[in-house]
Every structure is written in structure tokens, then in C-alpha cells.
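# Residue-level structure breakdown
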Amino acid sequence: MTTRRDFIKKTGMGTGGVLAMSSVPFYINNPKANLGKEIIGHGDFRYRVEVGWGDLDPKKHPVNNCHEMVIDKKGRVFMLTDHAKNNVLVYNKSGELLHSWTLNLPGAHGLGIHEEGGAEFLYITDPSLGRVVKTDLEGRVVLEVASPVSAGIYGEHAPFRPTETAIGPNGDIYVADGYGSQYILQYDSKGNFIRKFGGDSFLSKEKFKQAHGVALDNRDPSNPTLLCTARIKNSFKRFSLEGEFLEDYYMPGLFVSRPVIDGDNVYSGVCFGMEEGNYNLQANKGFVTILDKDNKVISNPGGTEPVYENGKLKLMFQETPIFKHCHDVCVDNDKNLYVCQWNAGGIYPYKLHRI
């Protein structure tokens, strides 16, 4: 299948060819895509927004919050919602519904995908029920991780409200207890507990306030690490695979969701923002943020352009009110983005077509 970048290369547009960029569809495989005229983002990471990309009949396939999305080897886009009628909606990249299924989870929140032995599996968290489950792509549960309360890892009354998972190079399962006790819990591939690290603190750098996300960062294949979200601290924190705190990246003004690593870049939805003169958490101020291989912010689609002064990143804000609360970003092989939103009036995912 011809990709947008292949098309540009063949037509000579990438090397000063005679075709003007404006004469070529922004999404070649779906010329009917209804794209907005406004371009958002900065530098090489600029996009046009297709607001209606994922729209479905809400009577047949309702959503409360569109929480997270992943893409499988076949290019299918899996979207997780906390509407128990259809927890998982499966789209193609043109926004057409292929399939749906449910686990009847009222708080389905975190969605990861991992290949094991040639097969792909989904990892789903529900903080409202304290559940972490592994399923095949058709929704059959093949593993459930025991609650750390029932397993004696937490105290009897400690909250466990898991928000995200990541899978290590050896199959270990890392669970972010982002709405609970603020730990990252490490299990082996069979669900046996290994350790926990982090915890709840505003002051300690190695601890969290809302450990919302966790991701395996293997951009350095010789030294894979974990990149974790500390949303209320406006930062990402890096740990070794054994739970040793290494460093953090302060994202002033951004209440970020999970880190999504694609190639050299890190993408994240900004769920809440700030306003000039009011630096408290503000609703309906979301956008997307993108970091480079050196973990520097290089683009904020829907937000202000990132500016560094004397090596320090200045406050960033929503600039274009396209989004309310960006909860996740998914990246396809053409580097287009799919954006899920929380608390946005039951809307379906948007697609951002890279230009």
C-alpha cells in the first residue's frame, strides 16, 4: 500500500518537484477525509485535523470516554472506551468500524499491545474495579494480575486503581497504580509479583503524584528503561527496569497522559493545562505534545510553540481550542496521529494528518 511519504518521494515533491503541496490530498488512502483548513503543530510535526474520523452511531456503539488506542501488525486501530456495551472498538485507518467487543468494564482506562511468540495480546486496566487483564485480540482473557491488596503487597486499606501497563524486554509486566497508591508494580510474565517502586509524594523526585502512565523506552536498545508519568508534577520520570530512579523531564504547564514512544519521539496527550495568570490545573485546555530523541519538546499541536531560554523550557498553554482533554495519542506508520479524549461529551477519536 502506497504511503503518503512514498507518494511524495515518487512525485518528486520531497526534492523540489513540480507538484505543489496544496495539490496533493493530505490523506491519499482516503480522499474523502474531511480535514480542517487550520494547520496545528510546529516544525516538522504539523497536522491537519479530521474531527469526524472515528464517528459512529452512538446508539449502536456508544462511548463515555475514549481513553487509549493502539495499532496491531495488520494496521487495525484498537480503541478503548469505558462504556461497558463496547469496551473495544476496532477501526481501520480510514475510520471505518471493523469489529467491537466488551469485557463489561465500567472504567476501562489503559490499553497496551505486545507481541509474544508471534501472537499479539492486549493489556487492559480498569481503575474502578482494580483489574489488570491480558486478552487476545478478540477479547478472550488469558491472564489477570492479582490485586496487590489481596496478594498482601499493599496494606489492607491501601487503594489500588491501576491506570496503565508496560511490558519489559523479558515479558515482565509493569503496572502504574496512577489513581491509587502511586506505585509502579513489577510482575513477571505469569503475574508473579517482583517489586514495587515510586510511591506518593510531592517532594521526592523519585515519587509520584498521579503515576498515570508507564512505557518501555527502548530508543537506546542497549539500555532500555521505563518512562513514567507524574501528571500532577507536570513531568515524566525515568527509571531502570529494576526500579532505580534515573532522571525526570519537567513539562511546565502540561498535565500529561502516558508517554507513547514511536521511533525517536515521545508523544503524549495533555489532559489539562494552565492559563496565563492562572497556573492552577484548568479543564478543557488539552492539546498534544511531542518530544525528540533528546527529550526536548519540539511541537505542541493545539498548543503554544515550545520555547527554551537558557536551556529551560518556558510555560506552555493551549493555543487553539480544538481539544478538551487529550488522554492518549496513537501513531500510525505514516506518522499520522489519533487522539482520544476524556470528558469531552462522548466524542469519538480525532485523526491528525501529518503534512
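Residues numbered from 1 in each chain as written. Predicted model: local features only at pLDDT ≥ 70, side-chain atom pairs only at ≥ 80, totals over all residues. Heavy atoms only, no water.

## Structural notes on the overall build of the protein
A count of helices and strands for the protein gives 1 helix and 29 strands. In summary, the protein has a C-alpha radius of gyration of 20 Å against a globular reference of 20 Å for 355 residues, a match within 12%. Here the protein holds 355 residues, and 56% of them are scored as buried. For the protein, long-range pairs separated by at least 24 residues make up 46% of all intrachain contacts whose partners lie at least 6 apart in sequence. Summed over its atoms, the accessible surface of the protein is roughly 15,300 Å², and 48% of this surface lies on carbon and sulfur atoms. Between the centroid of the 40 positive side chains of the protein and the centroid of its 42 negative side chains there is a distance of 3 Å. (Helix = DSSP H or I, 4+ residues; strand = E, 2+ residues; numbered from the N terminus. Rg over C-alpha atoms; globule rule 2.2 N^0.38 Å. Buried < 20%, exposed > 50% of the residue type's maximum accessible area, 1.4 Å probe, protein only. Contact = heavy atoms within 4.5 Å. Areas by Shrake-Rupley, 256 points an atom, 1.4 Å probe, with all protein chains shown as cover. Lys, Arg positive; Asp, Glu negative; His and termini not counted. Charge placed at Lys NZ, Arg CZ, Asp CG, Glu CD.)

## Quick notes on the sheet that holds strand E11 (residues 164–167)
Across the sheet, 4 strands lie side by side as E11-E12-E13-E14; this open sheet has antiparallel pairing. On the outer flanks of this sheet lie E11 and strand E14 (193–198), each paired with one strand and no other. The average undirected angle you get between the axes of adjacent strands in this sheet is 20°. Here 4 bridges tie E11 to strand E12 (residues 173–176), and the two strands are oriented antiparallel to one another. Looking across to E12, one finds that Ile167 is bridged to Ile173. (Pairing = 2+ DSSP bridges. Axes fitted to C-alpha atoms, helices over the stretch in contact; angles between N-to-C directions.)

## Re the nonpolar core
Ranked by size, the top nonpolar core spans 29 residues in total, and within it Tyr47, Leu254, Tyr267, Val288, Phe323, Leu337 and Leu352 carry the most contacts. Broken down by secondary-structure element, the contributors of at least two residues to this core are strand E2 (45–50), strand E21 (265–275), strand E23 (287–291), strand E27 (326–331), strand E28 (337–341) and strand E29 (350–354). Here this core takes 4 residues from E23, the largest share from any one element. In this structure, Val288 is in contact with Ser268, Val270, Ser299, Asn300, Pro301, Cys326, Val329, Leu337 and Val339, ignoring residues within four places of it in sequence. Membership of the second largest hydrophobic core comes to 14 residues, among which are Leu80, Trp101, Leu105 and Leu122. (Core = buried A, V, L, I, M, F, W, Y, C linked by side-chain atoms within 4.5 Å.)

## A look at the side chain of Lys233
Secondary-structure assignment places Lys233 in the loop between strand E16 (225–230) and strand E17 (235–239). Buried charge Lys233 goes without a salt bridge, the closest partner of opposite sign being Asp248 at 7.1 Å. In this structure the side chain of Lys233 is engaged in a polar contact, spanning 2.8 Å, whose partner is the backbone oxygen of Ser204. The residues touching Lys233, leaving out its near neighbours within four places in the chain, are Ser201, Phe202, Leu203, Ser204, Lys207, Phe208, Lys209 and Tyr250. (Salt bridge = Lys/Arg side-chain N within 4 Å of Asp/Glu carboxyl O. Polar contact = N/O pair within 3.5 Å; in protein donor to acceptor, adjacent residues only side chain to side chain.)

## Concerning the packing of aromatic side chains
For the structure shown, the criterion picks out 10 aromatic pairs. Considering the side-chain rings of Phe272 and Trp342, the 5.7 Å spacing of their centres and the 65° angle between planes classify their relative orientation as edge-to-face. With Phe272 in strand E21 and Trp342 in the loop between E28 and E29, this pair connects stretches of sequence that are 70 residues apart. Members of the aromatic cluster, each reached through a chain of ring pairs, are Phe197, Phe208, Phe239 and Phe245. Over the ring of Phe121 we find Lys134; its NZ or CZ atom is 4.7 Å from the centre of that ring. Its guanidinium or amino end placed over the ring of Phe45, Arg354 lies 4.2 Å from that ring's centre, counting from NZ or CZ. (Phe/Tyr/Trp six-rings, centres within 6.5 Å; stacked < 30°, edge-to-face > 60°. Lys NZ or Arg CZ within 6 Å of the ring centre and 35° of its normal.)

## Thoughts on the side chain of Asn234
Among the structural elements, Asn234 can be located in the loop between E16 and E17. Each residue touching Asn234, except ones within four places of it in the same chain, is listed here: Tyr249, Tyr250, Met251, Gly253, Leu254, Phe255 and Met274.

## Observations concerning unusual backbone geometry
Within the chain, Asn234 stands out as a residue other than glycine whose phi angle is a positive 55°. A relative accessible area of 7% places Asn234 in the buried class. At Asn295, a position not held by glycine, the phi torsion is positive, near 65°. Residue placement: Asn295 occurs in the loop between E23 and strand E24 (297–299).

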